[in-house]
Amino acid sequence: MDEQEELQATQTYSDLEKHRVFEKEFMPHIDSMYNFAFRLTNDEDDANDLVQDTYLKAFRFINSFSEGTNAKAWLFRILKNSFINDFRKKSKEPSKVDYQDVETTYNSEEDAETNQTVDLRAETVQDLIGDEIANALNALPVDFRTVIILCDVEGFTYEEMAKILDIPIGTVRSRLHRARMLLKEKLKSYAKSLGYDVNADSMAE
């Protein structure tokens, strides 16, 4: 769906109301927006440009936002689309992972494995702090990195993530599971260096 078609006006704000809504609903999320943009681009200048572009679009299409709804999710969706449409084309990121192959392989295991997935907000991984976590996260393909950031860092629900990413909830679950497993593999050597037993139940696949 075209971004402009997606952001159709649902109400009409006066100029004064536009600025009030912008300051009240959108500006409180600017730090989270920058963090998300930086994780996507791995570049400070690109992240700043992406955030600026997102907020320009947010103001331009502000009539499509209903005051009092989830402004953060609305902004993240715009940022994600801006990244895909404008920044990804010129970024240094690897080509997009083929989700069809990945999800065909892992969807059949989703029900059995999802409950065993390591949550970055709990268990052993929460103790692994520092640059190694950031480096491991940044080393993931950008699409896998995105689901981890949205869920484990920003705290979006599966339903909110599905709307932001334009994918079914079941796909969110399987993609997140696979992303966490990839991240866990990248963290194993670091965990070993800290004396963790990577074969313990909390790190079991």
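A brief structural summary. No experiment lies behind these values; they were computed from the predicted model shown.

**A few points about the overall build of the chain**
Regarding its fold elements, the chain presents eleven helices and zero strands. Starting at the N terminus and ending at the C terminus, the chain contains elements arranged as α-α-α-α-α-α-α-α-α-α-α. For the chain, with 205 residues in total, the buried portion stands at 44%. In the chain, the proportion of contacts linking residues at least 24 apart, taken out of those at least 6 apart, comes to 75%.

**Some details on the environment of N135**
Residue placement: N135 occurs in helix α8 (residues 131-139). Residue N135 is classed as partly exposed on the basis of its relative accessible area of 47%. Taking the C-alpha atoms as reference points, N135 and K186, separated by 51 residues in sequence, lie 9.2 Å from one another.

**Observations regarding the packing of aromatic side chains**
Following the criterion strictly, the structure yields nine aromatic pairs and no others. Both rings, one in F22 and one in Y55, keep their centres 5.7 Å apart while their planes meet at 75°; by these two values the pair is edge-to-face. Of this pair, F22 sits in helix α2 (residues 15-26) while Y55 is found in helix α4 (residues 44-60), placing the two residues 33 residues apart along the sequence. Seen from their ring centres, F22 and F59 are 5.6 Å apart, and the 80° between their planes marks the pair as edge-to-face. Pair noted here: F22 is in helix α2 and F59 is in helix α4, with a separation of 37 residues, a long-range link.

**Overview of the side chain of T54**
Locating T54 in the fold gives a position in helix α4. Residue T54 is classed as buried on the basis of its relative accessible area of 0%. A polar side-chain atom of T54 sits 2.8 Å from the main-chain carbonyl oxygen of L50. Contact partners of T54, with chain neighbours within four places excluded, come to M33, L75, I78, L79 and S82.

**Topic: the environment of I84**
One can find I84 in helix α5 (residues 71-87). It is 10.0 Å that separates the C-alpha atoms of I84 and L40, two residues lying 44 residues apart in sequence.

**Brief notes about the pattern of salt bridges**
Scanning the entire structure with this criterion turns up eight salt bridges. The partner of K80 in a salt bridge is D166, and the shortest N-O contact between them spans 3.1 Å. Of this pair, K80 sits in helix α5 while D166 sits in the loop between α10 (158-165) and α11 (169-193); the two residues are 86 residues apart in sequence, bridging distant segments of the chain. We classify K80 as buried; its relative accessible area is 7%. Taking the relative accessible area as the measure of exposure, D166 reaches 43% and is therefore partly exposed. For the salt bridge of E185 with K188, the shortest nitrogen-to-oxygen distance reads 3.4 Å. With E185 and K188 both in helix α11 and three residues apart, the pair spans about one turn of that helix. According to the relative accessible area criterion, E185 is partly exposed, its value standing at 38%. Look at the salt bridges and you will find they share partners, linking R20, K24 and E67 into a network.

Rules and cut-offs
Along each chain, residue indices are assigned from 1 in the same order as the chain's sequence is written. Where totals are concerned, whole chains, interfaces and linings use all residues; where local detail is concerned, this predicted model gives features only for residues with pLDDT of at least 70, and gives and counts side-chain atom pairs only at 80 or more. With hydrogens and water set aside, each side-chain value is computed from the structure's full complement of heavy atoms. For the purposes of this entry, the term helix denotes a DSSP run of H or I that reaches at least four residues, the term strand denotes a run of E that reaches at least two, and both are numbered from the N terminus. For each residue, the accessible area found with a 1.4 Å probe, counting protein chains only, is set against the maximum for its type, and the residue is called buried under 20%, exposed over 50%, and partly exposed in between. Contacts are assigned to residue pairs with any non-hydrogen atoms lying within 4.5 Å of each other. Centres within 6.5 Å are what make two rings of Phe, Tyr or Trp a pair, Trp counting through its six-membered ring; a difference in plane orientation under 30 degrees is then read as stacked, over 60 as edge-to-face, and the rest as tilted. Polar contact is the term for a pair of N or O atoms within 3.5 Å; when the atoms are in protein, one must be able to donate a hydrogen and the other to accept it, and sequence-neighboring residues count only if both atoms are side-chain atoms. For salt bridges, the criterion is a side-chain nitrogen of Lys or Arg within 4 Å of an Asp or Glu carboxyl oxygen.

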